[in-house]
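Residues per chain, in single letters:
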Amino acid sequence: MTIADYPAVNKDVLSRRVRRWGALYQAEATLRSMRAYGGVILFASTFQPIMYILAMGLGLGVLVGAETDFSAYGADSYLMYIAPAILASTVAMTAGIEFTFPVMEGFKWRRKYYGAQATALTPPQIALGHILGVSCRFGLHALIFTAVLFAFGALSSPAALLMILSSTLGALAIGLPIMAYISSLRDEKGHAAIIQRFVIMPLFLFSGTFYPLTNLPQFLQVIGWVSPIWHANELGRVLAFGQPTDLWLVAVHIGYLSAIVVVAWFAVQRVFTRRLGYDEWRGRIPGLKADQRRQERQDAKAAATESYQRSEGVPPVAFRRGVGANYYSGNIRAVFSRGLTAIRNNRGIIFISGFLEPVLFLTSFGLGVSPMISGIEAADGGTISYAMFIAPALLAVSAMNGAVFDSTWNVFFKLKITKLYRTMMSTSLGPVDVAVGEIALALFRGGIYALGFLGVLVATGLVTPLPALLMWITALFIALGFACIGMAVTSFMKRFQQMDWMMMVLIPMFLFSATLFPIDVYPTGVQWVIQALPLWHGVELMRDIAFWDFGAMTLVHIGYYLVMVGVGGALAAYRMKALFLR
Amino acid sequence: MSISSALESSAPSDTAPAPAIDATSLVKEYGDFTAVDGITFSVRRGESFGLLGPNGAGKSTTMRMIAAVASRTEGQMLVAGLDPEQHGPEVRARLGVIPQQDNLDEELTVRENIIMYGRYFGLPRRYLRAKADELLEFAQLEHKANSRVEDLSGGMKRRLTIARALVNEPEVLLLDEPTTGLDPQARHVLWDRLFRLKESGTTLVLTTHHMDEAEQLCDRLVVVDHGAIMAEGTPAGLIREHSTREVLELRFGTDRNAEQAKTLEELLTGAGPDADFSHIEVLPDRLLVYAGQAESALEAIHAAGHKPMTSLVRRSSLEDVFLRLTGRSLID
């Protein structure tokens, strides 16, 4: 056998093989690149179900289980009722990530798809390869999740194993339309975040994951009917504990999900073929017209007002000397104003979307969970509504999320991808100017979001105006604490995969913060753990203010955040060089 | 010790202005890896100074140390009489930095890029409005003033990066491979702009691995390899010193180049002073015959019955100097 007979060099054999198996090669590439964050995936798949079971199933379950019976649905407990839905929901949320950023990476950031395009692979094979690759991740996630649920006795039927299929189908029904949309974009400018907040979040929160969909008012149930997550949830419940369901309804669930997958697959194929085929289409730029209009306006303004003038030499600029002159040039304003200009240039919708999340959470849990419990016992012995109980806590959670996102992801992105800080560091700015400017910007943004959410709370009567004002300041204070810690932590990060671990910290912190249920549902040992975490202090501080009920613990909460600001700030300052001068 | 103290005492003296950059025995280590290994050089004000070398030679690291964004492991450095490690912001205020890769702010328009960058220097808006107009004209980007950065071509982006770096009217301009990746036309436009800056008295420090660029722009240059300086001088001086006047390029086919080299070496060494033969470099694809009179050498080779597939006579360039000094070609 000479080397020319070798299939790898025989072009005829090779092209036949690629025609048949090409998608699998691309899938292998996808899986290999996923291996870079394999640790996160495995950890998330194991850790997430346990967290959800402990927090929602057992924590919220104590509250709900005391008053509501789920036997009509075929489930023995609240945990059992939500378990299959949590599985389907978390897989669908994963799809929201795997079909956005990696696709953009393929077309734009790392142009991986163009590498594949130069081989014998066809555009649909490249698309299918990605889908197959991430489906493996969904399957693995569902398998581990199912195993954990079995271990906790949350599943009663071996048919539950089929949830691997139903949840993957649900994930594809969510993911493929998103993939079609994202792959049609030339560049990602916050679109993934918009999809996350305006599409996935509502579809998840109103999908009857944590309560029967019928708990919601009629008009919100509609979102559930549309949501692939609801259909996947219901399929999961049939499989896991035999929820009594008409056969035609099961057929509707499967048919609806399959129909979306098929239609979206054709759309994906079409976009991929346009971009990677002979067209060499470069993708849409949403808002291009608006951009052009704005540009014309600016051009016209410039032509009308400014006659061309020559500058008269650079004016002298005073330098800060003395302590820390190497780190701080006294020009935080420039960093802040750059951020404002960038926000103004971006789509306004991204900015607005920030305050949507707490509103959606409040609507979903306030309306959906309330029918299952009669109220929460307040400190003064009375009873308050469930919505009143979670509202202040959600403000704290939102402050944390925003601050952490801005001080970790956003900072890391500007550090590694756009290299904005490198640009800033080639001017007379010092690292302290940059860090403080960025934190100020994060607080500015968080402050506006908090204002919006508090507006909703005051309007709905969940909070009175005076506490609301104090809560607004507290939200900024909480955000400052998390931003300082986030900045310090980011200075130790080297790769994007490490950033994923941050999310591994945030989700359990939210679940175990006593946001959705009082801390006393847990045994003392667990309570100590929760009380050691920062979010719990933020949540309790907000409640103290909202219910105007102050005590010694209020001071402890404030002290906790003062320490966070101090320690985080000091560490961030100490790591300043590692953060910006690398 | 005595050298460094002498340097420090002479730097701030009023009689002679401090050199734009004064670097002594610079060392930069990243863990076990030594990126810069004892580099010493000095750049006069108004001079155009080049750092030449292949990828990974330590050029960019040296630039980053000048620009006060990388610390030194050892050695002294004064930029306009100030230590960048002690006075980072103040040193950077006198510099214009043009990095290897354009790092324009994609969230801002072309004009905002220039104005914002000026704001980072603490410059007032009134000055910046006028300056931005001036720089947009300089970069031939007036018609793109309100466009988004992503709409610009590669050459436009490069020009904007350079224009932006001029917003503070820097005393020293640091250019890290200013024209890499540009098409020939865009390169010439850029060279023209840089030449004008040089005429107006700006000190230029540039790294490149393009010899023609170095010959075009540099008054003086150092050749760097493996973090150390191999040679220093003017482009013409370096060629005179390290190469012959002319070079004969011959191709005999990949398999035969090496064996032909031996034969030719013997032939030309015996050919007498007419050819002014120096030596032969063997590259994978061709032979470089260094001879003051390359035509004579070629005649001698033909006369001896050798039949190269192609032959070319040209003048020596910095590329040959580099090959002579380091034994390898620049772009590898």
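Since the model is a prediction, treat every value here as computed from it, not as a measurement.

Caption draft 1: Region of interest: the overall build of chain B. Looking only at helices and strands, chain B features 12 helices and 13 strands. The principal-axis extents of the C-alpha atoms in chain B amount to approximately 75 × 55 × 40 Å. The buried share of chain B, taken over its 332 residues, is 58%. Considering only contacts within chain B whose residues lie at least 6 apart along the sequence, 67% involve residues at least 24 apart. Carbon and sulfur atoms provide 48% of the accessible area of chain B, an area that totals close to 13,800 Å². Mean positive and mean negative side-chain charge positions of chain B (36 and 51 charges, respectively) differ by 5 Å.

Caption draft 2: Expanded view of the overall build of chain A. Secondary structure assignment for chain A yields 24 helices and 2 strands. Here the C-alpha atoms of chain A give a radius of gyration of 26 Å, agreeing with the 25 Å that 2.2 N^0.38 yields for 582 residues. Projected onto the principal axes, the alpha-carbon positions of chain A cover approximately 80 × 75 × 50 Å. Expressed as a percentage of its 582 residues, the buried residues of chain A come to 52%. Put simply, 79% of the contacts in chain A that link residues at least 6 apart link residues at least 24 apart. Carbon together with sulfur atoms contributes 67% to the accessible area of chain A, which is approximately 25,500 Å² in total. If the 44 positive side-chain charges of chain A are averaged to one point and the 30 negative ones to another, these points end up 14 Å apart.

Caption draft 3: Focus on the environment of Gly 437 of chain A. Residue and element names in this part refer to chain A. By the element assignment, Gly 437 lies in helix α18 (residues 431-459). Overall, the relative accessible area of 0% leaves Gly 437 in the buried class. In sequence terms Gly 437 and Gly 339 are 98 residues apart; their C-alpha atoms lie 8.6 Å from each other. Excluding residues within four positions of it along the chain, Gly 437 makes contact with Ile 332, Val 335, Phe 336 and Val 432.

Caption draft 4: Main features of the environment of Leu 121 of chain A. All names here are of chain A. Within the fold, Leu 121 resides in the loop between α5 (112-117) and α6 (123-151). We classify Leu 121 as buried; its relative accessible area is 13%. In this structure Leu 121 touches Val 18, Gly 22, Gln 26, Ala 116 and Ile 126, once residues within four positions along its chain are discounted.

Caption draft 5: Just the sheet that holds strand β9 (residues 228-233) of chain B, in detail. Residues and elements named next belong to chain B. Taking strand neighbours across the sheet as the criterion, the 6 strands line up as β5-β6-β7-β3-β8-β9 in an open arrangement whose pairing is mixed. If you trace the sheet from one side to the other, it starts and ends with β5 (95-98) and β9, each paired once. Neighbour to neighbour, the strand axes of the sheet diverge by 15 degrees on average, direction disregarded. For strand β3 (residues 48-52) and strand β7 (residues 203-208), the ladder comprises 5 bridges, and the chain directions are parallel. In the strand pairing of β7, Leu 52 is matched with Thr 208.

Caption draft 6: Highlighting the side chain of Arg 92 of chain B. Along the chain, Arg 92 of chain B turns up in helix α3 (residues 88-93). Asp 433 of chain A is the oppositely charged side chain nearest to the buried, salt-bridge-free Arg 92 of chain B, at an N-O distance of 7.0 Å. Engagement of the side chain of Arg 92 of chain B in a polar contact is seen with the backbone oxygen of Met 425 of chain A, the distance being 2.8 Å. Here Arg 92 of chain B is in contact with Met 425, Ser 426, Thr 427, Ser 428, Leu 429 and Gly 430 of chain A together with Ala 67, Ala 68, Val 69, Phe 121 and Asn 168 of chain B, once residues within four sequence places are set aside.

Caption draft 7: How the structure looks around the sheet that holds strand β2 (residues 33-43) of chain B. Residues and elements named next belong to chain B. Read across the sheet, 3 strands follow the order β2-β1-β4 without closing on themselves; strand pairing throughout is antiparallel. The open sheet terminates on both sides in strands that have one partner only, identified here as β2 and β4 (74-79). Each neighbouring strand pair of the sheet contributes to a mean axis angle of 20 degrees, computed without reference to strand direction. With 8 bridges joining them, strand β1 (residues 21-30) and β2 adopt antiparallel strand pairing. Paired with Val 27 across the bridge in β2 is Asp 37.

Caption draft 8: Structural detail: the domain arrangement of chain B. Its domain assignment divides chain B into domain 1 (2-233) and domain 2 (244-315). For domain 1 of chain B versus domain 2 of chain B, the distance between C-alpha centres works out to 41 Å.

Caption draft 9: The arrangement of empty space enclosed by the protein in detail. Residue and element names in this part refer to chain A. For the structure on display, the rule yields 7 cavities of 30 Å³ or more. Considering only enclosed or pocket space, the largest cavity measures out at about 100 Å³ in volume. Those elements that provide at least two residues to the lining of the largest cavity are α16 (386-416), α18 and α19 (465-490). Roughly 70 Å³ of internal volume is contained in the second largest cavity. Every residue lining the second largest cavity is listed: Ser 398, Ala 399, Gly 402, Ala 403, Gly 446, Gly 447, Tyr 449, Ala 450, Ala 475, Leu 476 and Ala 479.

Caption draft 10: How the structure looks around unusual backbone geometry. Positioned with a positive phi, Arg 111 of chain A is a non-glycine residue whose angle comes to about 55 degrees. By secondary structure assignment, the location of Arg 111 of chain A is in the loop between α4 (101-109) and α5.

Caption draft 11: Examining the environment of Ser 15 of chain A more closely. Residues and elements named next belong to chain A. Mapped onto the elements, Ser 15 comes out in helix α1 (residues 11-35). Given a relative accessible area of 29%, Ser 15 falls into the partly exposed group. Spatially, the C-alpha atoms of Ser 15 and Ala 120 are 6.8 Å apart, while their sequence positions differ by 105 residues.

Caption draft 12: Focus on the pattern of salt bridges. All names here are of chain B. Inspection of the entire model under this criterion finds 33 salt bridges over all chains. Linking Asp 102 and Arg 158 is a salt bridge whose minimum nitrogen-to-oxygen distance equals 2.6 Å. Of this pair, Asp 102 sits in the loop between β5 and α4 (110-120) while Arg 158 sits in helix α6 (residues 154-165), and the two are 56 residues apart along the sequence. On the accessibility criterion, Asp 102 (29% relative accessible area) is partly exposed. Residue classification places Arg 158 among the buried residues on the basis of a relative accessible area of 3%. For the salt bridge of Arg 220 with Glu 232, the shortest nitrogen-to-oxygen distance reads 2.6 Å. One end of the pair, Arg 220, is in strand β8 (residues 220-225); the other, Glu 232, is in strand β9, and 12 residues separate them in sequence. The exposure class of Arg 220 is buried, given its relative accessible area of 14%. Linked through salt bridges whose partners overlap, the residues forming this network are Glu 249, Arg 251, Asp 285, Arg 286, Arg 314 and Asp 320.

Caption draft 13: Geometry of the packing of helix α3 (residues 78-98) of chain A against helix α10 (residues 228-241) of chain A. All names here are of chain A. Where α3 contacts α10, the axes come no closer than 8 Å and their chain directions differ by 135 degrees. As summarised for this structure, α3 and α10 are arranged oblique, according to the angle between their axes. When you trace α3 past α10, the crossing you get is right-handed. Residues Met 80, Tyr 81, Ile 82, Pro 84, Ala 85, Ala 88, Ser 89 and Ala 92 of α3 form the contact with α10, whose participating residues are Ile 229, Ala 232, Asn 233, Gly 236, Arg 237, Ala 240 and Phe 241. Partitioned by chemical class, the residues of the contact of α3 with α10 number 11 nonpolar, 3 polar and 1 charged.

Caption draft 14: Geometry of the interface of chain B and chain A. Across the boundary between the two partners, chain B contributes 43 residues, which contact 46 residues of chain A. Both faces considered, chain B and chain A share a buried interface measuring about 4,100 Å² in area, 46% of it formed by carbon and sulfur atoms. Of all residues in chain B, Tyr 120, Asn 146 and Arg 148 of chain B bury the most surface against chain A, accounting for 18% of the area lost on that side. Connecting chain B to chain A are 3 salt bridges. Arg 338 of chain A is the salt-bridge partner of Glu 107 of chain B, the closest N and O atoms lying 2.9 Å from each other. Applying the counting rule to chain B against chain A returns 14 residue pairs in polar contact (both at pLDDT 80 or more). For the side of chain B that touches chain A, the elements supplying multiple residues, two or more each, are α3, α4 and α5 (125-138) of chain B. Tallied by class, the residues present in the side of chain B that touches chain A amount to 15 nonpolar, 9 polar and 19 charged.

Each value, and the rule that gives it
- Residues numbered from 1 in each chain as written.
- Chains lettered and ligands numbered in written order.
- Predicted model: local features only at pLDDT ≥ 70, side-chain atom pairs only at ≥ 80, totals over all residues.
- Heavy atoms only, no water.
- Helix = DSSP H or I, 4+ residues; strand = E, 2+ residues; numbered from the N terminus.
- Buried < 20%, exposed > 50% of the residue type's maximum accessible area, 1.4 Å probe, protein only.
- Contact = heavy atoms within 4.5 Å.
- Areas by Shrake-Rupley, 256 points an atom, 1.4 Å probe, with all protein chains shown as cover.
- Lys, Arg positive; Asp, Glu negative; His and termini not counted.
- Charge placed at Lys NZ, Arg CZ, Asp CG, Glu CD.
- Rg over C-alpha atoms; globule rule 2.2 N^0.38 Å.
- Pairing = 2+ DSSP bridges.
- Axes fitted to C-alpha atoms, helices over the stretch in contact; angles between N-to-C directions.
- Salt bridge = Lys/Arg side-chain N within 4 Å of Asp/Glu carboxyl O.
- Polar contact = N/O pair within 3.5 Å; in protein donor to acceptor, adjacent residues only side chain to side chain.
- Domains from an automatic or database assignment.
- 1 Å grid on protein atoms, 1.4 Å probe; cavity = no way out; pocket = protein on both sides within 12 Å on 5 of 7 lines; lining within 4 Å.
- Points joined across faces, edges and corners; volume = space filled by probe spheres on them.
- Parallel < 35°, antiparallel > 145°, perpendicular 65-115°, else oblique.
- Left-handed = near helix turned anticlockwise from the far one by under 90°.
- Nonpolar A, V, L, I, M, F, W, Y, C, P; charged D, E, K, R; others polar.
- Buried area = accessible area lost by both parts, 1.4 Å probe.

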